[in-house]
Amino acid sequence: MKKKWVWLLFFLLIVEVALASFIFLNPFKTKEVAKTSSSSTEVTALSTETSSTSKEKTKWIESDTEISFPILMYHSLTEPEGNSLKVPPAEFKEHMKWLKDNGYYTLTPEEAYIVLTENKKPAEKIVWVTLDDGYLNNYTEGFPILKDLKMKATISYITSKLGSSSYFDLAQMKEMAQSDTINIESHTVSHLDLNTLEDSHITSELKDSKAWFDKELSQNTSLLCYPAGRYDERVQRIAEEVGYKMAITTEPGYAKKSDGLFALKRVRISPGYDGNAFGEFVTSYQ
Ligand SMILES: [Zn+2]
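Here's what I pulled together on the structure shown here. Keep in mind that this is a model prediction, so the values were computed, not measured.

**Observations concerning the pairing of strand β7 (residues 153-157)**
Here comes step 1: A large share of β7 lies buried, amounting to five of its five residues.
Here comes step 2: In this sheet, β7 lies alongside strand β6 (residues 126-133) in parallel orientation, the contact comprising four bridges. By the bridge assignment, Asp 133 is partnered in β7 with Tyr 157.
Here comes step 3: This β-α-β element, β6 to helix α5 (residues 136-149) to β7, shows right-handed connectivity.
Here comes step 4: In this sheet, strand β8 (residues 182-186) lies alongside β7 in parallel orientation, the contact comprising five bridges. When the sheet's bridge partners are listed, Ala 153 is paired in β8 with Ile 182.
Here comes step 5: Regarding the hand of the β-α-β motif, the stretch spanning β7, helix α6 (residues 170-178) and β8 is right-handed.

This is the structure we're talking about:
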């Protein structure tokens, strides 16, 4: 008698598993395939909804052609006073608002790596917002704007700038890194032209800064931002050897894998663009 019950239970279990896999697995699969070709509003809505917290909800859209996307390059967020690298905070806000209003999903370094290596994206329209150097105004002006809009950005910091009053400090860095808004990555120790250095010096600039971020922020620092955009094959090789996964340059263009993960192009944002002019500039860029 007992044996019969055991077999019956076993049989019921099998039926249940079979039913569950039919109901749950199949529709997901077909849905995902259907989504790849569409630029549906569903995806845009999803991206805004999931931009801040639940990663598991992200539906990745695969592509048959190579994905390319803008990596925006900002530096100091302040009045330019003739310096084309400085963008006023009010303009930065308009740019971020334009991206938000137009359904752009802001990538983290981790997501950008997936886009580049697996040729799929978490939303139809993607952008990676990067700020170089680690100016204090990135914390006082940029961080609140991004937080309010629930958008993400990556700041590449120069570790030797710690303690300097124009740059954010460790507490501010940690506050940003622990938020869901900012990723902190490496802009080396001392911001030297890497292509002019001896191998051992390149290694220490890249390795020491990575080790410092890894330890202080409990992360695996994956992105290197070349100081002044200077690099060569030697620098690329050492960057990869010490554990970086990607590097961003100052060469103009959309980022794509075929340029190489250690030679990613960016779109430099200069002062003087309101939201619409910025949108036109970024979308017409190649
Ligand atoms: Zn720099």
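**Side note on the environment of His 187**
Here comes step 1: Secondary-structure assignment places His 187 in the loop between β8 and α7 (199-216).
Here comes step 2: Considered as a pair, His 187 and Gly 134 are 53 residues apart in the sequence and their alpha carbons are 8.9 Å apart.
Here comes step 3: Contacts of His 187, omitting those with residues within four sequence positions, involve Asp 132, Asp 133, Ser 156, Tyr 157, Ile 158, Cys 225 and Pro 227.

**A word on the pairing of strand β3 (residues 71-74)**
Here comes step 1: Going residue by residue along β3, you find Ile 71 and Met 73 tucked away on one face and Leu 72 and Tyr 74 tucked away on the opposite face as well.
Here comes step 2: Examined bridge by bridge, β3 and β6 share four bridges and lie parallel to one another. Bridge pairing in β6 links Ile 71 to Trp 128.
Here comes step 3: Pairing analysis gives two bridges linking β3 to strand β12 (residues 264-268), with the strands arranged parallel. Bridged to Met 73 within β12 is Arg 268.

Criteria and thresholds
- Residues numbered from 1 in each chain as written.
- Predicted model: local features only at pLDDT ≥ 70, side-chain atom pairs only at ≥ 80, totals over all residues.
- Buried ≥ 20, exposed ≤ 12 C-beta atoms within 10 Å, placed from the backbone.
- Helix = DSSP H or I, 4+ residues; strand = E, 2+ residues; numbered from the N terminus.
- Pairing = 2+ DSSP bridges.
- Right-handed = clockwise from strand over helix to strand, strands pointing away.
- Contact = placed C-beta atoms within 7 Å.

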